[in-house]
Amino acid sequence: MASLRSYLPPAGSTVWRNERRLTRTSSSGEAESGLSRTRIKHIVVREVWKRDIPSPHALYKIDVMTQSNHWFILRRYREFHCLHLNLVKQFNIPSDMLPTKKLFSNMSLIHLEKRRNALEHYLQRLINSHHDIAESQELFQFLNVQTHDVLCVTRQLAKVLENEGRNILASGGVFTFSPTQMYCITRQLQLPHVAIQQSDTSNPGDEMVDLGYLYDFIQELKSLCVSGVASRSSPCQELISNQAFDISLFKSLQKLQ
């Protein structure tokens, strides 16, 4: 793929972000198109913690927000480094864009805060860059977008149920949704419905999918189990305020576990 390094914004590029916002909302057609794509709206490295097991290291808490959900993940520097190597290989971004390992040898509180700030700046440059980078599969996997963004989750469910939904319903067994999936189903019904254009399908989770398979399934399902609540030690969690979901969507429900 051709180099996209020229599309990376400089540090603190407020002007660039404003131009990007104006470009995206310059016409109603473009604004509607934005509703059908998964984009990172906001990202902050909120905290950094020192850990001693299995060896001394820093753990970074990253808040991620798309247009439809908000969650946090925990990452070590080596995971940032792996992401960066993939992006350099795929998009030819500057190899020195990620703070070097040498900066991360000191575990004092002052240096930990400097590292947190440097990694936050790195992620913000990525999400404010060319859409091929900002919406890349590599970045989305690092941020766990596919398992937490409403658009991604509901489209993945619809794809599964398109092939297996009838058989699952016919079996009469209990079907399990996670709290995240339940929230995403509820939230999806609150979002404006915008048809996905063929050009959008390069974005992970933006495949052309008929959500009707999901809606039909939840209205006909008779036995439901909601399971899989994340523990406090989980490396990825939704914020507590985003856990609400609507059981009344399951019109035929007879059994709830």
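Look up: the structure comes first, before these words.
Residues numbered from 1 in each chain as written. Predicted model: local features only at pLDDT ≥ 70, side-chain atom pairs only at ≥ 80, totals over all residues. Heavy atoms only, no water.

1. Describing the nonpolar core
Thinking step 1. Formed by 31 residues in total, the largest nonpolar core has its most connected members in Ile62, Phe80, Tyr122, Leu123, Leu126 and Leu143.
Thinking step 2. Going through the elements one at a time, strand 1 (40-51), strand 2 (57-66), strand 3 (70-75), helix 3 (77-91), helix 4 (109-127) and helix 6 (137-142) are the ones with two or more residues in this core.
Thinking step 3. For this core, the element with the highest residue contribution is helix 4, accounting for six residues.
Thinking step 4. Beyond its immediate stretch of four places on either side in the chain, tyrosine 122 contacts Phe80, Leu83, His84, Leu87, Met97, Leu98 and Pro99.
Thinking step 5. Judged by nonpolar contacts, the second largest core, of 24 residues, contains Leu169, Tyr183, Leu211 and Ile218. (Core = buried A, V, L, I, M, F, W, Y, C linked by side-chain atoms within 4.5 Å. Buried < 20%, exposed > 50% of the residue type's maximum accessible area, 1.4 Å probe, protein only. Helix = DSSP H or I, 4+ residues; strand = E, 2+ residues; numbered from the N terminus. Contact = heavy atoms within 4.5 Å.)

2. Description of the packing of aromatic side chains
Thinking step 1. For the structure on display, the rule yields six aromatic pairs.
Thinking step 2. Ring plane angle 65 degrees and centroid distance 5.1 Å describe the contact between phenylalanine 80 and phenylalanine 142, whose orientation is recorded as edge-to-face. With a gap of 62 residues between them, phenylalanine 80 in helix 3 and phenylalanine 142 in helix 6 connect regions that are remote in the sequence. Across the pair, phenylalanine 142 and phenylalanine 80 agree in class, each one buried.
Thinking step 3. Ring centres of phenylalanine 177 and phenylalanine 217 lie 6.4 Å apart, and the angle between their planes is 80 degrees; on these two criteria the pair is classed as edge-to-face. Note that phenylalanine 177 is positioned in strand 4 (residues 175-177) and phenylalanine 217 in helix 9 (residues 212-220), a separation of 40 residues in sequence.
Thinking step 4. One aromatic cluster is present, formed by Phe175, Phe177, Phe217 and Phe250 through successive ring pairs.
Thinking step 5. The ring of phenylalanine 142 has arginine 75 sitting right over it, with the charged end atom 5.3 Å from the ring centre. (Phe/Tyr/Trp six-rings, centres within 6.5 Å; stacked < 30°, edge-to-face > 60°. Lys NZ or Arg CZ within 6 Å of the ring centre and 35° of its normal.)

3. Section: the side chain of threonine 66
Thinking step 1. Inspection of the secondary structure puts threonine 66 in strand 2.
Thinking step 2. Here threonine 66 falls in the buried class, since its relative accessible area comes to 2%.
Thinking step 3. With near-sequence residues (within four places) excluded, threonine 66 lies in contact with Thr38, Arg39, Ile40, Lys41, Trp71 and Asp149.

4. Quick word on helix 4
Thinking step 1. Taking 1.5 Å of rise per residue, the 19 residues of helix 4 would be expected to cover 27 Å, and the 27 Å separating its terminal C-alpha atoms lies within 8% of that figure.
Thinking step 2. Turning to helix 4, its buried residues number three or more, namely Leu112, Arg115, Arg116, Ala118, Leu119, Glu120, Tyr122, Leu123, Arg125, Leu126 and Ile127. (Expected span 1.5 Å × (residues − 1).)

5. Here's the deal with the pairing of strand 2
Thinking step 1. Most of strand 2 is tucked away, with nine of its ten residues classed as buried.
Thinking step 2. Bridging between strand 1 and strand 2 involves ten bridges; their strand directions are antiparallel. Pairing of isoleucine 43 across the sheet is with valine 64, part of strand 2.
Thinking step 3. Linking strand 1 back to strand 2 in an antiparallel pair, the connection comprises five residues.
Thinking step 4. With six bridges joining them, strand 2 and strand 3 adopt antiparallel strand pairing. Within strand 3, the residue paired with methionine 65 across the bridge is histidine 70.
Thinking step 5. The hairpin formed by strand 2 and strand 3 contains three residues between the paired strands. (Pairing = 2+ DSSP bridges.)

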